[in-house]
Amino acid sequence: MGRVQGKVAIVTGAAQGIGRATALLLAREGAAVAVTDLNGKDAEAVAEQVRAAGGKAQAWPLDVSKEAEVAATFAEVAKAFGRLDILVNNAGISGANGTVEEISEAEWDKVMNTNAKSVFLCTKHAVPLLRRAGGGSIVNLSSVYGIVGSHNVAAYHASKGAIRIMSKTDALAFAEDRIRVNSVHPGFIWTPMLEAGAQVPGVAPEAVHSAMAKLHPLGTLGEPDDVAHGILYLASDEAKFVTGSELVIDGGYTAR
Ligand code: NAP
């Protein structure tokens, strides 16, 4: 208990999946959490769950790909909670399947704007607030797909690779402000995003689930809390000497 006691955190894409698990865990460990998501109604439900358990949280509807929304929301969070110590850049989409030959410019732009441009925008508007707090932690959700390739999700790989190197660049840029920046690289985690991707016509969902699990040497899919615990570590002062690093949470997927 209390691993991020008294800190203020923004989590993006926190209405469901890994973001939701992270918001709930950070709140349980003592942080006041700004629960932000495109889906304001479900974000509000997460904030309400935190408050019902005795924690501190408030919800904001936020599209992370829109700079004006990011700037206004982050200013409101700082006003509501008095400071900012932690930013978790979690919001993301898998987007259209396909090689670069198969996807359209619009499909490419949607993934890059939601996944990568959003990290640029949210980091840009968080840094002055973190600097004012005397430092802080930014945790960026990349993926094993930001480290290794696969054959048919070209835009997603490009966006997650961009996040990986942006994290290192920002770690160097803001180290003297005592702002740490790290990336997290999950394997396949059973969330609404993966569930949607597991709809294969004519194949039972259990069979798809089991085939995905077998991609990981540990033989299972990950759970949102498996990732949330890694994010909590990077967000906390336990990781005060950790910046520009990659935390891989993948059941051995990339160990081969
Ligand atoms: P998820 O279940 O789909 O949750 C993502 C949340 O982000 C949703 O609530 C979604 O809202 C929201 N979102 C989408 N576009 C947004 C935008 N423009 N602005 C604000 N919020 C937006 O996804 P997840 O599986 O938890 O993934 C979370 C992060 O981990 C993503 O960055 C993902 O790429 C990464 N990751 C996931 C896995 C995995 O296997 N699940 C593996 C590696 C990395 P809507 O539902 O309304 O669109």
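Details of the structure are given in the entry above.
What counts, and at which threshold
Residues numbered from 1 in each chain as written. Predicted model: local features only at pLDDT ≥ 70, side-chain atom pairs only at ≥ 80, totals over all residues. Heavy atoms only, no water. Near = heavy atom within 4 Å. Polar contact = N/O pair within 3.5 Å; in protein donor to acceptor, adjacent residues only side chain to side chain. Areas by Shrake-Rupley, 256 points an atom, 1.4 Å probe, with all protein chains shown as cover. 1 Å grid on protein atoms, 1.4 Å probe; cavity = no way out; pocket = protein on both sides within 12 Å on 5 of 7 lines; lining within 4 Å. Sits in = over half its atoms within 2 Å of the grid points. Helix = DSSP H or I, 4+ residues; strand = E, 2+ residues; numbered from the N terminus. Axes fitted to C-alpha atoms, helices over the stretch in contact; angles between N-to-C directions. Parallel < 35°, antiparallel > 145°, perpendicular 65-115°, else oblique. Left-handed = near helix turned anticlockwise from the far one by under 90°. Contact = heavy atoms within 4.5 Å. Nonpolar A, V, L, I, M, F, W, Y, C, P; charged D, E, K, R; others polar. Pairing = 2+ DSSP bridges.

**Thoughts on the site of the ligand**
- Near the ligand, the surroundings consist of 28 residues, among which Asp37, Asn90, Tyr156, Ile189 and Thr191 are the closest.
- Side-chain polar atom of lysine 160 to an oxygen atom of the ligand: 2.9 Å apart, as the coordinates give it.
- Taking 890 Å² as the accessible area of the ligand by itself, protein coverage stands at 88%.
- Taken atom by atom, the bulk of the ligand overlaps the largest pocket.
- Breaking the shell around the ligand down by element, the ones donating at least two residues are α1 (17–28), α5 (154–174) and α6 (192–197).

**So, the packing of helix α4 (residues 105–132) against α5**
- Running from N to C, α4 and α5 point in directions that differ by 15°, and their axes come no closer than 8 Å. Considered as vectors, α4 and α5 are oriented roughly parallel to each other. The crossing of α4 and α5 is right-handed. Residues Trp108, Val111, Met112, Asn115, Ala116, Val119, Phe120, Thr123, Val127 and Arg131 of α4 lie in contact with α5, whose contacting residues are Ala154, Ala155, Tyr156, Ala158, Ser159, Lys160, Ala162, Ile163, Met166, Asp170 and Phe174.
- Its residues placed into classes, the contact of α4 with α5 shows 15 nonpolar, 3 polar and 3 charged.

**Considerations on the sheet that holds strand β4 (residues 86–89)**
- Taken together, the 7 strands give an open sheet; going across it, the order is β3-β2-β1-β4-β5-β6-β7, and neighbouring strands pair in parallel fashion. Two strands close off the open sheet at either side, each with one partner strand: β3 (56–61) and β7 (246–249). This sheet shows a mean twist of 15° between the axes of neighbouring strands, independent of strand direction.
- Direction of pairing for strand β2 (residues 32–37) relative to β3: parallel, over a ladder of 6 bridges. Within the sheet, the bridge partner assigned to alanine 34 lies in β3 and is glutamine 58.
- Across the sheet, α4 is in contact with β4, β5 (136–141) and β6 (179–186); its angle to β4 comes to roughly 175°.

**Description of the packing of α1 against helix α2 (residues 40–52)**
- Between α1 and α2, whose axes approach to 10 Å, the crossing angle comes to 25°. Classed by the angle they form, the pair α1 and α2 counts as roughly parallel. Helix-helix and strand crossings are classified by hand; for α1 and α2 the assignment is right-handed. Within the contact between the two elements, α1 uses Arg20, Ala23, Leu24 and Ala27 and α2 uses Val46, Gln49 and Val50.
- Of the residues contributing to the contact of α1 with α2, the split by class is 5 nonpolar, 1 polar and 1 charged.

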